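Commentary on secondary and tertiary structure
Below, each chain spelled out in residue letters.
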Amino acid sequence: MRTRPLGRTGIKVSPYCLGTMMFGPFGNPDPDDCVAIIHRALDAGINFIDTADVYGGDGETERIVGKALRGRRDDVLLATKFNGRNHPHHLLQKVSN
């Protein structure tokens, strides 16, 4: 798959992004199936994945993404968001875990 430069960062990103909002209890509840979807996207050349702490309830989607990226994290541009109701110290706690 062709990639595009991400501004002047030197990072190359696929033109497609895999959104993970439906991974977990609010969509596909099978973590192994979700991991397989992520692996298929990576194998197809997609290196851009989007997630958020509110997807799948209490961070379930992020845990699925983390499991799928184990050993492949350096190959991925991972975009995430956090819910505005959280205090900034919660963000630091989440990214530290």
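Notes on the structure in this doc start here.

Analysis parameters
Residues numbered from 1 in each chain as written. Predicted model: local features only at pLDDT ≥ 70, side-chain atom pairs only at ≥ 80, totals over all residues. Heavy atoms only, no water. Buried < 20%, exposed > 50% of the residue type's maximum accessible area, 1.4 Å probe, protein only. Helix = DSSP H or I, 4+ residues; strand = E, 2+ residues; numbered from the N terminus. Arc of directions from axis to C-beta. Contact = heavy atoms within 4.5 Å. Polar contact = N/O pair within 3.5 Å; in protein donor to acceptor, adjacent residues only side chain to side chain. Salt bridge = Lys/Arg side-chain N within 4 Å of Asp/Glu carboxyl O.

Observations regarding helix α2 (residues 60-69)
Turning to α2, its buried residues number three or more, namely Thr61, Ile64, Val65, Ala68 and Leu69. Viewed along the axis of α2, the buried residues span an arc of 125°, placing them on a single side of the element. Those residues of α2 that are buried lie in contact with α1 (31-43), β4 (48-52) and β5 (77-81). Directly beyond the C-terminal end of α2, a positive phi value near 85° is found at glycine 71.

Remarks on the environment of aspartate 32
Secondary-structure assignment places aspartate 32 in helix α1. Taking the C-alpha atoms as reference, aspartate 32 lies 8.9 Å from alanine 68; in sequence the two are 36 residues apart. At a separation of 3.1 Å, a polar atom in the side chain of aspartate 32 contacts the side chain of lysine 67.

Observations concerning the side chain of threonine 20
When you line up the elements, threonine 20 lands in the loop between β3 (18-19) and α1. What threonine 20 contacts, discounting residues up to four positions off in sequence, is Ile49, Asp50, Thr51, Tyr55, Thr61 and Val65.

A look at the pattern of salt bridges
Scanning all chains against the criterion turns up four salt bridges. Note that arginine 72 is salt-bridged to aspartate 43, the shortest N-O span being 2.8 Å. Highlighted residues: arginine 72 in the loop between α2 and β5 and aspartate 43 in helix α1, separated in sequence by 29 residues. For aspartate 43, a relative accessible area of 59% corresponds to the exposed category.

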